[in-house]
Amino acid sequence: MTDGRRGATQLVRALGLWDCVLYVAGSMIGSGIFLSAGSVIRKAAFPSWIVVVWVIGAIHSVAAGLTYAELGTRRLVAGGPYVYLTETFGAVWGFLYMWALVFIVMPGTVAALSTGFAEFLGGFFPGLGMAAPAFTVFGLHVSQGQLVAIATAFLLTIWNIFGIREGSRLNDVLTVVKIGSVVALVAFGLSAAKAVRPSFAFPPFSGALLAPLGGALAGVLWAYDGWINLSALGAEVKNPKRDVPGGLVLGVLVVAALYLGANAVYLGAAPIAVLGASPRAAETAVRALFGDGAARWLLLAVIVSVLGSLAANIIPAPRIAWAAAKDGRLPAPFERLHPRFSTPAFGLVFQAVLAAALVLSGKFDELVATVSFAATFFYALGGAALFVYRRREPSAAWEMPGYPWVPGFYVTTSMLFTIAIAWDAPKDAARGLLILAAGVAVYAWERRRARPA
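What counts and how
- Residues numbered from 1 in each chain as written.
- Predicted model: local features only at pLDDT ≥ 70, side-chain atom pairs only at ≥ 80, totals over all residues.
- Heavy atoms only, no water.
- Helix = DSSP H or I, 4+ residues; strand = E, 2+ residues; numbered from the N terminus.
- Phe/Tyr/Trp six-rings, centres within 6.5 Å; stacked < 30°, edge-to-face > 60°.
- Buried < 20%, exposed > 50% of the residue type's maximum accessible area, 1.4 Å probe, protein only.

*Asks:* Go over unusual backbone geometry with me, naming the residues and quoting the values.
*Replies:* Working note: non-glycine residues mostly have negative phi, and peptide bonds are mostly trans. For the bond from Tyr403 to Pro404, the omega torsion is 5 degrees, close enough to zero to count as cis. Examined against the element boundaries, Pro404 turns out to sit in the loop between helix 15 (364-392) and helix 16 (405-424). The phi torsion at Ser342 lies on the positive side, around 55 degrees, for a residue other than glycine. Within the element layout of this structure, Ser342 appears in the loop between helix 13 (316-326) and helix 14 (345-361).

*Asks:* Mind laying out the packing of aromatic side chains, listing which residues take part and the relevant values?
*Replies:* As enumerated under the stated definition, the model contains 19 aromatic pairs in all. Both rings, one in Phe103 and one in Phe350, keep their centres 5.7 Å apart while their planes meet at 85 degrees; by these two values the pair is edge-to-face. Within this pair, whereas Phe103 is found in helix 5 (residues 91-124), its partner Phe350 is found in helix 14, the two being separated by 247 residues in sequence. Judged by relative accessible area, Phe350 falls into the partly exposed class, the value being 25%. On the basis of an interplanar angle of 85 degrees and a centroid distance of 6.0 Å, the ring pair of Trp227 and Tyr410 is categorised as edge-to-face. Highlighted residues: Trp227 in the loop between helix 8 (210-224) and helix 9 (240-269) and Tyr410 in helix 16, separated in sequence by 183 residues. In terms of burial, Trp227 and Tyr410 fall into one category: buried. Put simply, the rings of Phe95, Trp99, Phe103, Phe334, Phe346, Phe350 and Tyr443 pair up and form one aromatic cluster.

Structure follows, in C-alpha cells:
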C-alpha cells in the first residue's frame, strides 16, 4: 500500500494457505537435517537416544506450532512475538525479543545457512569451499567459502527486496524440490539392499548423559527451527485467521515426518561412529547405501535445500524490525518501506551486513549454539504470552486444542532445552547473554532519552 507523498506505508497481503505451508516447511528444512544430523548422532551416541531426541523435537515443534497458531490469529499484524511480548509482559520484553531476533537469532541463522551452503557447494567445487583460502586482511584469514556464503546471502536479500510475492514464489519452488528430495531419500534409503536394522536398546542412564544430550537437542532444535517465522508475516497473509494456523500446523507436521524418516535412513546405512565422525552425515549414509554417484546427486539436492531455507529465513526479522521502528524502538530507516516493492529494504540489507560479519567471525557449530540458546528462550516466553491473552481475551478467531496442557508442555520443555544448551555450550550461551545485556543497556538509555527534561 502506498501514499503519494511518502511512498509505501503498509506491507502487502499476498500469501495464501499453501504459500504459508510451504513457507513454514521451507524455513525449517535446510542444513539441519543434513549438516547438524552428524553432530546430533555424535553427541547422542546411541540409536535409541538419537531417535528419542528427534521425536522430542517433533513433539516440541508441533506443540509450538499449535501455540503460535492461536497467537497469530489473535494479532493479525507484522512483528509476531515482538507484539505478543510487548502487550503481555511489557515493552522491555518485546524490545529484548526484537533485539535478540534482529541482532542475534536471524542474522546468525542467515550466517549459519549461508555457511552450510558454502560447505556443501565445496563438495562439488573444492576451489569454492570453506577450506580454500582467499586472502588475509588485518590478520583475518578469509576463505573462498566465506566469500561464497556472503555473496549468496546478499543476492537472496536483493531478491526479497523485490517483493513478498517474488520471495514467496522462489520459496515455493525450492521447497517443493527439497521436499521431493527428502521423500526420495527416505523411500530409496529404507528399501536399499544394504540397509540394516540398528539396535535400539537403551544404555543405562546417568547424569553424564545429560550434557551431551543437551548438545544433541541444540542440533535438533536448529533443524526444526523456522516454524516461528510465519508469525512475523501476519500483515502479509491474505486470510490470516485461516492460513496462519493452517500453515503452521501442516508445515510442522510435514517436516517432522520427513526428519524422522531421514534419520531412519541414516541409522540403517552406517555405524554410529562413522556417521558421527562425518561433517555430512546424509552424504555418508547415501554413499554407504548407493555409492559415490548417488552421494553427489544428494549433495546437489542438499544445496537446493539449504538455499531454499536461506531464502525463507531472510524474510521475517526485517518485518519485526519494521514493527519495532513504528513504535519508536529502532531508528527511522528501519520503518521505511521500499517505495515500489513495499518491503523493509533497509532492514533486509542491515541483516545481510550483520550476517556477513558473523560468517567471517564464527564457526558453524558456534553459530548454531548461540542461535538455539537465544531463540529457544524467547520463543518460550512468546508462547507463555498465550496464557495472558486467554485470561484477558477468553475468545479468539481460532483456539488451539489441548489448552492449557499443550502450551504448558511447550513452554516448560523450551526452558529446559535452554538450560541444556547453555550447559553443553556455555561460551556460546554467554555470547548470547552478552548481546542481550547490551540490549538491556540500549533499552534503558532509550527510556532515559525519551523522558521529558
